[in-house]
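Chains, contacts and geometry: an overview
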Amino acid sequence: MTTRRTRPAPRPPEGTPPRAELARQARAVLADAVRIAHWAAGTPGPGTTAPLAAHALERAATALELSPAQVRAGWDRARLAGLVELHGDTARPGWRLRAWDRDDSAVLRGWVALFDAWSLVHAAPEGIEAGAVAEAVEAVPQVLSLLQLSAGPVTVPALLDLLGQRVAELHEERCEVPLDPGRTVPAASAAPAGTAADRAATAGPARSADLNALLLDWALEGLAAVGALTLGKGHATLTPLGNWAVWVKLEQICVAAQSPAGNIEQSAADMLLGCARLTPGPARDEYRAWLAARTVGSAVAELLAVARGEDALLRGLAFEALRVVGAPAEPEVRAVLAEPSLRPYALLWLAEYEGNDPDDAQDVLSREEATWLWVDTAAAVADHGETGLLVRHLDSAVQGTVPALLDEVRAVGHPRTVQVLVALAAAHPDPALAKAVRRAAFQVHTGGA
């Protein structure tokens, strides 16, 4: 027996309401979204199409006694909070909607998903380049950190100063040197009159300050719209929900900085290899730390890119990491169902995500998919495991007998079939069985029956 020292569970800042109260506030913020999601769930046909069709919008407004604008806003929030899930052109009730009245954690996760999507809830001002908007979104976490650390109202000029500093840092990190307003632009490289570059060159720093002020107003209004802060005359204050959410994000960064195995700065492939010999609990801690240091979209894309590679071990580990991601990964996982090499993993992931017991999740696989997964797992064991594990892996095959397994393995067409069978024949202690496996490997290699 060994004693493992674990990081104590962090406590939220003093004065933070209990989770039940935070969940009550989150339910209040999303009340209209929940009503619309329930309405859509009980309305067959056009009521469940996405986006909400015009006639469905009118029906929902009448049934719920809301304005069309309120219905449209609530529908968008329901989608962003995971209360409804989009499957092609159809929306179905999400698991959070089913758990909404009884599970405070599901409610808070739904609200945090909305909080993370604040820039989609409140449209950016028209006429501003997408790059400038993206910079503002990237700078907002620093603004929120200042609000959280201040534990009270912060003046808009102070927030604007911080936003400007962070945007300047982003430019410096990208080696973007601002054009000197007094510098003459050579005719050969001058921007066309009226373009954003031309206006920026002629307007100088004053325009940048005005642009930052406009973007800060937009960001504060967007965060207020999701219930993260309140706006006063010339100042902003985090709500209890917003204060708690920012604290959670800061804690995630701290966890990332204290990654026990030191994989935070690694690529997805190197991180997964570093976790390969960890037990499930510590491995999940590593996954969480690695994910906390990245945006969800980029992390999911990187994990799926690794899963598409040739290393079967990394393929399985990538989907283990995606289980830690949870709901935000669902659309991307569902999208890879058409890829044969990822389909079995994606089907199991979705089955567990939808609430099936992991022990029963295998039932969602066809016989062929289960056989393909058996070969892929055997390839991972052959490449990275011990020979004894490969022999024991025989017991997990759905076929029940080795001859039946060999027949179906030959037919499934996995690219590593020959290598797996050769490794299994070399590892198995039964000479007769090993001979049959070698014969099957030879037949696959030569294309024989």
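First, a word on what this report is: a plain description of the structure on this page. Because the structure is a prediction, the values reported are computed rather than measured.

Reading the values: rules and limits
- Residues numbered from 1 in each chain as written.
- Predicted model: local features only at pLDDT ≥ 70, side-chain atom pairs only at ≥ 80, totals over all residues.
- Heavy atoms only, no water.
- Pairing = 2+ DSSP bridges.
- Helix = DSSP H or I, 4+ residues; strand = E, 2+ residues; numbered from the N terminus.
- Core = buried A, V, L, I, M, F, W, Y, C linked by side-chain atoms within 4.5 Å.
- Buried < 20%, exposed > 50% of the residue type's maximum accessible area, 1.4 Å probe, protein only.
- Contact = heavy atoms within 4.5 Å.
- Arc of directions from axis to C-beta.
- Phe/Tyr/Trp six-rings, centres within 6.5 Å; stacked < 30°, edge-to-face > 60°.

In this structure, strand E3 (residues 154–155) lies alongside strand E5 (residues 235–238), joined through two bridges in antiparallel fashion. From the neighbouring strand, Val154 faces E5, where its bridge partner is Ala236. Pairing of strand E4 (residues 229–232) with E5, which is carried by four bridges, proceeds in the antiparallel orientation. Of the residues in E5, the one forming a bridge with Thr230 is Thr237.

Another point: the sheet that holds E4. The three strands are arranged E3-E5-E4 in an open sheet whose pairing can be described as antiparallel. At either margin of the open sheet sits one strand with a lone partner, and together these are E3 and E4.

Let us now look at the nonpolar core. With 62 residues, the main nonpolar core has Leu272, Leu303, Phe319, Leu322 and Trp374 as its most contacted residues. When residues no more than four places from it in sequence are discounted, the contact partners of Leu303 are Ala268, Met271, Leu272, Trp290, Leu291, Ala318, Ala321 and Leu322. Counting 60 residues, the second largest nonpolar core, distinct from the first, contains Trp100, Ala139, Val140 and Leu220.

This next bit is on helix H13 (residues 268–275). Taken residue by residue, H13 has Ala268, Met271, Leu272 and Cys275 as its buried positions. Looking straight down H13, one finds that the buried residues subtend no more than 95° of arc, so they occupy a single side. Looking at the packing, one finds that the buried side of H13 touches helix H14 (280–292), helix H15 (296–307) and helix H16 (312–325).

Another aspect to go through is the packing of aromatic side chains. Here the structure, examined in full by the defined rule, presents four aromatic pairs. Relative to Tyr345, the ring of Phe319 has its centre 5.5 Å away and its plane inclined at 20°; by these criteria the two rings are stacked. You can see Phe319 sitting in helix H16 and its partner Tyr345 sitting in helix H18 (residues 343–353), a full 26 residues away along the chain. Take Phe319 and Tyr345: they sit in the same class, and that class is buried. Measuring from centroid to centroid gives 5.3 Å for Trp349 and Tyr353, while their planes differ by 20°, and the two rings are stacked. Residue Trp349 and its partner Tyr353 are located together in helix H18, separated by four residues, close to a single helical turn. Each member of the pair, Trp349 together with Tyr353, is buried.

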